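Fold and geometry: a report
Below, each chain spelled out in residue letters.
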Amino acid sequence: METPKNILIITYYWPPAGGPGVQRWLKFVKYLPEFGWNPTVFIPENPSYPIEDYTLNEEVNPELDIIRTRIWEPYQLAEIFGKDNKKFKAGQFDVGHHQNWKSRLSIWVRGNFFIPDARVFWVKPSVQYLRKYLKEHQVDALVTTGPPHSLHLIGLQLKQEFPTLKWIADFRDPWTEISYYQHLKLTKRADRKHRDLEQQVFENADITLATSYTDAENFSRKGARAVCITNGYDQLSEPEPHTVHQKSEQFTLTYTGVLEQLRNPRVLWNVLNEIIAENTDFAAHFQLKFVGRTDDKIMEHIQQSALKKSVIEMGYLPHAEANAEMKKADMLLITNFPHVQSKGIIPGKIFEYLASGKTVISFGPAGSDVHRILEETGAGQHFTYDEHHRVKQFILDYFFRWKSGEKMLSPRNIERFSRRNLTQQLVELL
């Protein structure tokens, strides 16, 4: 039997962090030992997480080696300017007419002074600690995962000092190509620094991991040795083959996760209001459920419309409870940024949506990777943000099928997205 190899994973998000950012490496770490790799995780001791989910601690092997060091983050300074700046922790902020002068100033400071992000102050002490650690311990592979992309700067410096160390830079989201980058109000100097640092990471990492097909192509064009390993669903969530939808008392459309202004599907709210006004049967049976954090401005708009009577706000739920709500729904909503440069973003929740066996309605740019996945699995329909008529027809058709009790087949060929199979892909790459 081969001696297990050692992999050191540098991540900001780790239980009790909630939300999507924690899931990817929590699951890789879970399955890596099955394939002969011994993981050690390096995390901040005192992080400032936007969402916490203490139930995720139960998924961490008590024998896992975890290294914790202190971090300083300037978010408390940002929050002095206004409570809305708490959104910065999750990479969100007000846009358009919702911005006041405090928001604009805070965004400018965030983009131009904290490059690439506000966790940059963890880079220097982490390099100092890990320099000594790498001299004293056998490490066969190093992983940095971002955002926050500051963590890639830790990997960059360690790679320069230990050139034979195999370094995998994992991009859960793009850096300069992410949709909100254009909203950061960057000076030319700051923009150049962001792009220079990104380029150094691409050129020096042995492998750059992307979570979408399009991102991998974009990274490769910039000189990265890029490979796509998507996010996925855990084996425990996998549905039985050919299961059917169980008709519920209410026709329920559910959104899980954080819904921010830049991904607000206004066309859907307009369509639903229109159907409610025209179809009393739909109005009597329809239910719109939000599981997670929805931006206050979005909810204010919905509460001022006919949709108000149909809305249920559940707030943030532990991961297992959120998955249970997915399975109770009749249709699941997923949204992406509307711009073409975001077509490579695959929100992690889509794979748990697939595992739930329920139909997905998706919004985002045409030709997106999400569209590709939905077509390949037969799991639902993807729309752009200006397809009012098609969206209306899809929802009405599905509602009439639901009302008649018609059976719906679950998505097909989703096994390749199981976390265990994805870990096997990672190990083959390593």
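Residues numbered from 1 in each chain as written. Predicted model: local features only at pLDDT ≥ 70, side-chain atom pairs only at ≥ 80, totals over all residues. Heavy atoms only, no water.

Some points on the overall build of the protein
For the protein, the helix and strand inventory stands at 15 helices and 13 strands. Counting all 430 residues of the protein, 56% fall into the buried class. Put simply, 75% of the contacts in the protein that link residues at least 6 apart link residues at least 24 apart. Summed over its atoms, the accessible surface of the protein is roughly 19100 Å², and 50% of this surface lies on carbon and sulfur atoms. (Helix = DSSP H or I, 4+ residues; strand = E, 2+ residues; numbered from the N terminus. Buried < 20%, exposed > 50% of the residue type's maximum accessible area, 1.4 Å probe, protein only. Contact = heavy atoms within 4.5 Å. Areas by Shrake-Rupley, 256 points an atom, 1.4 Å probe, with all protein chains shown as cover.)

Remarks on the side chain of Q287
With respect to the helices and strands, the residue Q287 is situated in strand β9 (residues 286-291). A polar side-chain atom of Q287 sits 3.0 Å from a polar atom in the side chain of T252. The residues contacting Q287, other than those within four sequence positions of it, are Q250, F251, T252, L253, S310 and I312. (Polar contact = N/O pair within 3.5 Å; in protein donor to acceptor, adjacent residues only side chain to side chain.)

Details of the pairing of β9
Across the 6 residues of β9, 6 count as buried, placing the element largely inside the fold. Along β9, one buried face is formed by F286, L288 and F290 and the opposite face, lined by Q287, K289 and V291, is buried too. Summarising the sheet, strand β8 (residues 251-256) and β9 pair through 6 bridges and their orientation is parallel. Note that in β9 the partner of Y255 across the bridge is F290. (Pairing = 2+ DSSP bridges.)

Points about the packing of aromatic side chains
Taken as a whole, this structure holds 26 aromatic pairs when the rule is applied. Summarising the aromatic geometry, the rings of F251 and F399 are spaced 5.4 Å apart at their centres and angled 70 degrees between planes, so their arrangement reads as edge-to-face. With F251 in strand β8 and F399 in helix α14 (residues 388-403), this pair connects stretches of sequence that are 148 residues apart. Its end group placed over the ring of Y12, R119 keeps NZ or CZ at 4.2 Å from the ring centre. One residue, R372, lies across the ring of Y213, its end atom 3.8 Å from the ring centre. (Phe/Tyr/Trp six-rings, centres within 6.5 Å; stacked < 30°, edge-to-face > 60°. Lys NZ or Arg CZ within 6 Å of the ring centre and 35° of its normal.)

Points about the sheet that holds strand β10 (residues 311-315)
The sheet built from 6 strands is open, its strands ordered β10-β9-β8-β11-β12-β13 with parallel pairing. Edge positions in the sheet fall to β10 and β13 (380-383), since each of these pairs with one other strand and no more. The sheet shows a mean angle of 20 degrees between the axes of neighbouring strands, direction not considered. Strands β8, β9, β11 (331-335) and β12 (359-363) of the sheet are contacted by helix α8 (residues 266-278), whose axis makes an angle of about 155 degrees with β9. The sheet contacts of helix α12 (residues 349-356) involve β8, β11 and β12, and relative to β11 the element is tilted by about 165 degrees. (Axes fitted to C-alpha atoms, helices over the stretch in contact; angles between N-to-C directions.)

Considering the nonpolar core
Of all hydrophobic cores here, the largest spans 63 residues; its most connected members are L8, I10, W14, L130, I154 and L158. Setting aside anything within four residues of it in sequence, one finds I154 in contact with I10, W122, V123, S126, V127 and L130. The next biggest cluster of nonpolar side chains, apart from the first, holds 33 residues, and it includes F251, L253, I276 and F383. (Core = buried A, V, L, I, M, F, W, Y, C linked by side-chain atoms within 4.5 Å.)

Concerning helix α7 (residues 213-221)
Among all positions in α7, only Y213, T214, D215, A216 and F219 are buried. The elements touched by buried residues of α7 are β5 (167-171), α6 (188-204), β6 (207-210), β7 (226-228) and α13 (369-377). G223 sits one or two positions beyond α7 and adopts a positive phi of about 100 degrees.

Description of the sheet that holds strand β4 (residues 141-146)
One open sheet accounts for 7 strands, arranged β3-β2-β1-β4-β5-β6-β7; its pairing is parallel. Pairing within the sheet leaves two strands with one partner each, and these edge strands are β3 (65-69) and β7. Mean inter-strand twist for the sheet, computed between neighbouring axes without regard to direction, equals 25 degrees. By the bridge criterion, 3 bridges tie β6 to β7 in an arrangement that is parallel. In the sheet register, L209 faces β7, and the bridge partner there is V227.

Overview of the pattern of salt bridges
The tally for this structure, following the rule as stated, stands at 23 salt bridges. Salt-bridge contacts for R420 lead to E34; the nearest nitrogen and oxygen are separated by 2.8 Å. Within this pair, whereas R420 is found in helix α15 (residues 419-429), its partner E34 is found in the loop between α1 (23-31) and β2 (37-44), the two being separated by 386 residues in sequence. Through salt bridges with shared partners, a single network forms among K27, K30, E59 and D234. (Salt bridge = Lys/Arg side-chain N within 4 Å of Asp/Glu carboxyl O.)

Some words on the confidence of the model for the protein
Per-residue confidence for the protein gives a mean pLDDT of 89, with 87% of residues at or over 70. Note on residues 85-90: pLDDT under 50 across the span, and 23 contacts to partners over four residues away in sequence or across chains. A low-confidence stretch, residues 236-245 stays under pLDDT 50, and its non-local contacts, those more than four residues away or across chains, total 21 contacts. (pLDDT = per-residue confidence, 0-100.)

Thoughts on α12
The buried count for α12 comes to 8 of 8 residues, which makes it a mostly enclosed element. Turning to α12, its buried residues number three or more, namely K349, I350, F351, E352, Y353, L354, A355 and S356. In the segment just after α12, G357 is the residue with positive phi, at about 80 degrees.

Section: the packing of α12 against α13
Interhelical geometry of α12 versus α13 gives an angle of 15 degrees and a closest axis separation of 12 Å. Judged by the angle between their axes, α12 and α13 are roughly parallel. At the point where α12 passes α13, the crossing takes the right-handed sense. In this structure, α12 uses I350, F351 and L354 to contact α13, whose residues at the interface are V370, I373, L374 and T377. (Parallel < 35°, antiparallel > 145°, perpendicular 65-115°, else oblique. Left-handed = near helix turned anticlockwise from the far one by under 90°.)

Some details on the environment of I275
Along the chain, I275 turns up in helix α8. The exposure class of I275 is buried, given its relative accessible area of 1%. As for I275 and I395, which are separated by 120 residues in sequence, their C-alpha atoms are 9.2 Å apart. Setting aside residues up to four positions removed in sequence, I275 forms contacts with F282, K392, I395 and L396.

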